[in-house]
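# Per-entry structural report
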Amino acid sequence: MKIGANLIFNHHTPPAFVAEAAQLVEEAGFHSIWVPEHVVFFPEYDSPYPYTADGRIPGEPEGILDPFSALTFIAAVTSRIRLGTGVCLVPQRNPVYTARTVADLDYLSGGRFDFGVGIGWLKEEFDNLHLDFATRARRTVEYIEVMQALWSPGLSEYSGETYELRPCHSNPKPVQKPHPPIYFGGETDAAMRRVASHGNGWYGFNRDPSGAREGIARLSEHLRAAGRSRSDVQVCIGANVNPVTRETVPRYEDEGVDQLLVPLVAGKIEKLKMRIGAMLKIVSP
C-alpha cells in the first residue's frame, strides 16, 4: 500500500513554506501530495459538509490556494512525488480550460499528475458562480468526456447535452497516456457508478478501515455491473484522522486500499518536520 499526504495551503502560507514542505514530503519517501479545491468560503452556509457530524468544515477556512497553481509550483521544486487534486470541482470549471490546465500540469511535471475530481457539495459556492447546482452531476460526466476528447491525439470534438465542442486543436497533450488517472470522489452509489463508468480510481475521504471496506464492497458491485473488475481501478482513501495509528494503518491495506492519504498539516516547518517524523514511525513496516 502506498502512502500519500493531504496538505492544505492558504493565504497565510508563505510561498517558501509551500516549496520546502513539498520537498520535505518527497524526501521522506511519500508517494504523493494531494490538495483540495474551493474558490470561496462562507461564514454562514446551509449546505452540510458531508465529512463531519455537525456539517461544518473543520477550521472554518477563509481561503485556500488554487490546487493547480499550488501543484504547478510544487512540480517545479520536486522531481518524483506524484501530485493530486483532492478533489477538483469539475462542474464549477469550464472543461476546455480545465483540460488545458491538467495537460499543462502533467506536461510540466513529467507525467506526475493524478486527477481527483468531484461534483461538489457546497450549493452556496455554485450560487456565487451563477452555476446550476442541481445539474452538476451530469455536467461532471460530460465535462470529463470533453476533456478526454481534448487529451486525445489529433482534432478534438464533442457533442452532448450540456456541452458542444467544435473540431479544434488542443496542445500540449498530457504525458500520461491516454490521460492522467481520473479518481472520482464521493461516497454515494451515484459516485461509485461514475467511478465504474468513467474512472481509473476512487478517492474516498475521511474513512476508517471499516468504512474503506464498506466503500470498496459497494464499488466492486458497481464495477461488476459495468463489466469491469476491482483490479481495473485504484482505491485512494483519505484516512480519518483518529485511526491513523501503527495498529490501524495495516488494516487499511488488509481491506484492499491501494493508497492511504494521511494528514500532514502544519503552520511552521519545524512542526511539519515533527509530524512527518511521527507519521513515518506509524506507516513504516
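These notes cover the structure that comes with them. (Residues numbered from 1 in each chain as written. Predicted model: local features only at pLDDT ≥ 70, side-chain atom pairs only at ≥ 80, totals over all residues. Heavy atoms only, no water.)

### Observations regarding the overall build of the protein chain
Each helix and strand counted, the protein chain has nine helices and 11 strands in total. A compact globule built from 285 residues would reach a C-alpha radius of gyration of about 19 Å, and the protein chain, at 18 Å, matches this within 12%. With the principal axes as the frame, the protein chain shows a C-alpha extent of 50 × 40 × 40 Å. Counting across all 285 residues of the protein chain, residues that qualify as buried make up 52%. (Helix = DSSP H or I, 4+ residues; strand = E, 2+ residues; numbered from the N terminus. Rg over C-alpha atoms; globule rule 2.2 N^0.38 Å. Buried < 20%, exposed > 50% of the residue type's maximum accessible area, 1.4 Å probe, protein only.)

### Some words on the packing of helix α6 (residues 189–198) against helix α7 (residues 209–225)
Put simply, α6 and α7 touch, their axes get as near as 9 Å, and they point 55° apart. By the criterion of interaxial angle, the relationship of α6 to α7 is oblique. Helix-helix and strand crossings are classified by hand; for α6 and α7 the assignment is right-handed. From α6, Asp189, Met192, Arg193, Val195 and Ala196 reach across to α7, where they touch Gly215, Arg218, Leu219, His222 and Leu223. (Axes fitted to C-alpha atoms, helices over the stretch in contact; angles between N-to-C directions. Parallel < 35°, antiparallel > 145°, perpendicular 65-115°, else oblique. Left-handed = near helix turned anticlockwise from the far one by under 90°. Contact = heavy atoms within 4.5 Å.)

### Thoughts on the pattern of salt bridges
Oppositely charged side chains can pair when the atoms bearing their charge come close. Taken as a whole, this structure holds 14 salt bridges when the rule is applied. Where Asp189 meets Arg218, a salt bridge forms, and the shortest distance between an N and an O atom there is 2.9 Å. Placement of the pair is Asp189 in helix α6 and Arg218 in helix α7, with a sequence separation of 29 residues. Counted as one network, the salt bridges with shared partners bring together Glu187, Asp189, Arg207, Glu214 and Arg218. (Salt bridge = Lys/Arg side-chain N within 4 Å of Asp/Glu carboxyl O.)

### Overview of empty space enclosed by the protein
By rolling a water-sized probe across the atoms, one finds the places where empty space is left. Going through the model one piece at a time under the given rule, you end up with two cavities of 30 Å³ or more. The calculated volume of the largest cavity comes to roughly 50 Å³. In this structure, the second largest cavity occupies an estimated 30 Å³ of space. Along the walls of the second largest cavity sit Ile8, Phe9, Val35, Pro36, Ile64, Leu65 and Ala70, which together make up its complete lining. Each residue belonging to the lining of the second largest cavity can be placed in one class, and the counts come to seven nonpolar, no polar and no charged. (1 Å grid on protein atoms, 1.4 Å probe; cavity = no way out; pocket = protein on both sides within 12 Å on 5 of 7 lines; lining within 4 Å. Points joined across faces, edges and corners; volume = space filled by probe spheres on them. Nonpolar A, V, L, I, M, F, W, Y, C, P; charged D, E, K, R; others polar.)

### Examining the side chain of Thr98
Mapping Thr98 onto the fold places it in helix α3 (residues 95–108). In this structure the side chain of Thr98 is engaged in a polar contact, spanning 2.8 Å, whose partner is the backbone oxygen of Asn94. When residues no more than four places from it in sequence are discounted, the contact partners of Thr98 are Cys88, Arg93, Phe115 and Met147. (Polar contact = N/O pair within 3.5 Å; in protein donor to acceptor, adjacent residues only side chain to side chain.)

### Quick notes on the layout of surface pockets
Roughly 1300 Å³ of internal volume is contained in the largest pocket. In this structure, the largest pocket is lined by 49 residues; those nearest its centre are Pro36, Tyr49, Tyr51, Gly86 and Phe205. At the level of elements, β2 (32–35), α5 (136–151), α6 and β9 (201–207) are the ones that each hand at least two residues to the lining of the largest pocket. Of the residues that constitute the lining of the largest pocket, the class distribution is 27 nonpolar, 17 polar and five charged. Space inside the second largest pocket adds up to approximately 250 Å³. Along its surface, the second largest pocket is lined by 14 residues, and Ile3, Val249, Val283, Ser284 and Pro285 are the ones closest to its centre.

### Remarks on unusual backbone geometry
Cis peptide bonds are those with omega within 30 degrees of zero, and the linkage from Asn171 to Pro172 qualifies with 5°. Among the structural elements, Pro172 can be located in the loop between β7 (164–168) and β8 (182–185). Pro178 follows Lys177 through a cis peptide bond whose omega is 0°. Within the secondary structure, Pro178 is located in the loop between β7 and β8. For Glu60, which is not glycine, the phi torsion reads 45° and is therefore positive. Position of Glu60 among the secondary structure elements: in the loop between β2 and α2 (67–77). The partly exposed category is assigned to Glu60, whose relative accessible area is 40%. One non-glycine residue, His130, lies in positive phi territory at about 60°. Within the element layout of this structure, His130 appears in the loop between α4 (123–128) and α5.

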